[in-house]
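For reference, the chains in residue letters:
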Amino acid sequence: MSAINAIDEVKAQLSAGGGIAQTVENFKVRDEQLAMAEAVAQTALDLGTAVIEAGTGTGKTFAYLVPALLLGEKVIISTGTRNLQNQLFHKDLPIVRESLQKPVVTALLKGRSNYLCRYRLEQYRFVKHMFSRHQARQLAKIEAWAQSTREGDISELADLPESDSVWAFATSSADNCLGQDCPHFDDCHLNKARKAALDADVVVINHHLFFADALMREEGFGELLPEADLIILDEAHQLADVASHFFGMTLSSRKVKRLCSDIDAEVRESANDMGDLLSAAEALPPIVDRLQHALESSEIPQKGAWLEIADHASIVGHVDDLGAGLKALAVNMKEAGVRSRGLQSCERRLNELLALYRVITKDRAAPVAASNGEALNEMSNYVQWFERY
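The rules behind the values
Residues numbered from 1 in each chain as written. Predicted model: local features only at pLDDT ≥ 70, side-chain atom pairs only at ≥ 80, totals over all residues. Heavy atoms only, no water. Helix = DSSP H or I, 4+ residues; strand = E, 2+ residues; numbered from the N terminus. Contact = heavy atoms within 4.5 Å. Areas by Shrake-Rupley, 256 points an atom, 1.4 Å probe, with all protein chains shown as cover. Axes fitted to C-alpha atoms, helices over the stretch in contact; angles between N-to-C directions. Parallel < 35°, antiparallel > 145°, perpendicular 65-115°, else oblique. Left-handed = near helix turned anticlockwise from the far one by under 90°. Nonpolar A, V, L, I, M, F, W, Y, C, P; charged D, E, K, R; others polar. Pairing = 2+ DSSP bridges. Salt bridge = Lys/Arg side-chain N within 4 Å of Asp/Glu carboxyl O. Buried < 20%, exposed > 50% of the residue type's maximum accessible area, 1.4 Å probe, protein only. Core = buried A, V, L, I, M, F, W, Y, C linked by side-chain atoms within 4.5 Å. Expected span 1.5 Å × (residues − 1). Bend = angle between axes of the 7 residues up to and from the residue. Phe/Tyr/Trp six-rings, centres within 6.5 Å; stacked < 30°, edge-to-face > 60°.

Draft legend 1. Representation of the overall build of the protein in the model. Counting its secondary structure elements, the protein contains 14 helices and six strands. The dimensions of the protein, computed from C-alpha atoms along their principal axes, are 75 × 50 × 40 Å. For the protein, the share of sequence-separated contacts (at least 6 apart) that also reach a separation of at least 24 residues comes to 73%. Surface accessibility of the protein: about 20,600 Å² in total, with carbon and sulfur atoms responsible for 50%.

The following block contains the structure:
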């Protein structure tokens, strides 16, 4: 098929009497949609790059799906939100596939926090004292669902919102995933979803996953996504914020508290004789809470350059306490890593947080490497800022 014929075919599918019009009830031909579809098709044929701004009512989803399915052998479509990702995969993509009568294999791939982690769910049975009655009830729902789910996608559990904090105890993160050392590695829902994506013709992801893959490739740790002939970034105006998250490093209350709860769970299962480690882990969350409270002072803005508030009288002592708490935890972690893979992972995460703390506060007791392999004490070209929620 020549380039001219290919573009004509794309436009024909979106014209009156075309495949889309025959499938979609009350479909209306739109000149803007045809122009966008032609631009996407020409870019795909040229192996080029295009930035397209489409106004409300253009019908941009069909404008890029039609040429993508007609011209792309392997396509990755990245969206800005999980809701749009689900709509694209479960509603729009099947319509276009049916309209074009093109037998493409599709796959939906989300970030790891969207998939059940059997290992973490099992670990937290040892620390049920940590949960409120509400959390205990929610975890019981997850445990029951875990016995029957095939995909392990947390959106399947409709009566438990994805925003519920209890999911943190049933999903994994890049920090706490054990990888091939996990006893459930062969039955991992995330790994199964990634394998399905490798075999699919069209893979629907979101921007967070797109940049997570880019970061892994940059660091030389392989990739999450397959190679593709055509990549479409929908809602591209969100890319800058997502990129800054993935190509930066963060010391957050969530990371510190989650690390402490993971240490608690691991100690109670495989190192219950290490009471000092448990005490050190239990001491950190209150320190974090006090620092958060100090940051809520009316004199401190919601967000800004860290150097502007680093010496503020209301937070200096709390920042020092956080450092002391992290160091005390590190001292007690030295003998714990050999007890379990989980504690070994916790030790690595703690070292990374302590290294970042040293950079932010200029407390450089020892040169420590960041998780991305860059020496944290050579970060003069980085911007440091704070943000509270």
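Draft legend 2. The packing of helix H4 (residues 60-71) against helix H5 (residues 82-100), seen in detail. The N-to-C vectors of H4 and H5 enclose an angle of 55°; their axes lie 10 Å apart at closest approach. With respect to each other, H4 and H5 are oriented oblique. Viewed along their axes, H4 and H5 form a crossing whose handedness is right-handed. For the pair formed by H4 and H5, the contact residues are Thr-61, Phe-62, Tyr-64, Leu-65, Val-66, Leu-69 and Leu-70 on the first element and Leu-88, Asp-92, Leu-93, Ile-95, Val-96, Arg-97 and Leu-100 on the second. Of the residues in the contact of H4 with H5, the class split is 11 nonpolar, one polar and two charged.

Draft legend 3. Geometry of the sheet that holds strand E2 (residues 106-108). Spatial ordering of the open sheet is given by E2-E3-E1-E4, a layout of four strands whose pairing is parallel. Whereas interior strands pair on both sides, the edge strands pair on one side only; in this sheet they are E2 and strand E4 (230-233). Strand-to-strand, the axes of this sheet are offset by a mean angle of 15°, without reference to chain direction.

Draft legend 4. Representation of the pattern of salt bridges in the model. Enumeration over the complete set of coordinates arrives at 15 salt bridges. Among the ionic pairs, Asp-181 bridges to Arg-341, the shortest N-O distance being 3.9 Å. Separated by 160 residues along the polypeptide, Asp-181 in the loop between helix H7 (133-146) and helix H8 (189-199) and Arg-341 in helix H14 (residues 341-361) bring together distant segments of the chain. Overall, the relative accessible area of 43% leaves Asp-181 in the partly exposed class. Classification of Arg-341 by relative accessible area gives partly exposed; the value is 45%. Across the pair Lys-257 and Asp-289 runs a salt bridge whose closest N-O atoms are separated by 2.5 Å.

Draft legend 5. Region of the structure containing the nonpolar core. Ile-263, Leu-277, Leu-284, Ile-315, Leu-322, Leu-329 and Met-333 are the most contacted members of the largest nonpolar core, which totals 35 residues. Elements with a minimum of two residues in this core: helix H11 (253-270), helix H12 (275-295), helix H13 (316-333) and H14. Examining the composition of this core, we find that 10 residues originate from one element, H12, more than from any other. Not counting residues within four places of it along the chain, the set of residues in contact with Met-333 comprises Ile-263, Leu-277, Leu-343, Cys-346, Glu-347 and Leu-350. Leu-14, Phe-27, Ala-41 and Val-75 belong to the second largest nonpolar core, which has 31 residues in total.

Draft legend 6. Region of interest: H5. Between its first and last C-alpha, H5 extends 26 Å over 19 residues, near the 27 Å set by a 1.5 Å rise per residue. The largest bend in H5 comes to about 40°, at Leu-88. Looking at H5, one finds that the buried residues are Leu-84, Gln-85, Asn-86, Leu-88, Phe-89, Asp-92, Leu-93, Val-96, Ser-99 and Leu-100.

Draft legend 7. Representation of the packing of aromatic side chains in the model. Applying the stated criterion across every chain, the model contains six aromatic pairs. Centre to centre, the rings of Phe-131 and Phe-169 are 4.9 Å apart; their planes meet at 70°, and the pair counts as edge-to-face. Pair noted here: Phe-131 is in the loop between helix H6 (118-123) and H7 and Phe-169 is in the loop between H7 and H8, with a separation of 38 residues, a long-range link. By relative accessible area, Phe-131 is classed as buried at 12%. Relative to Phe-211, the ring of Phe-210 has its centre 5.4 Å away and its plane inclined at 85°; by these criteria the two rings are edge-to-face. Taken together, the ring pairs in this structure connect Tyr-124, Phe-131 and Phe-169 into an aromatic cluster.

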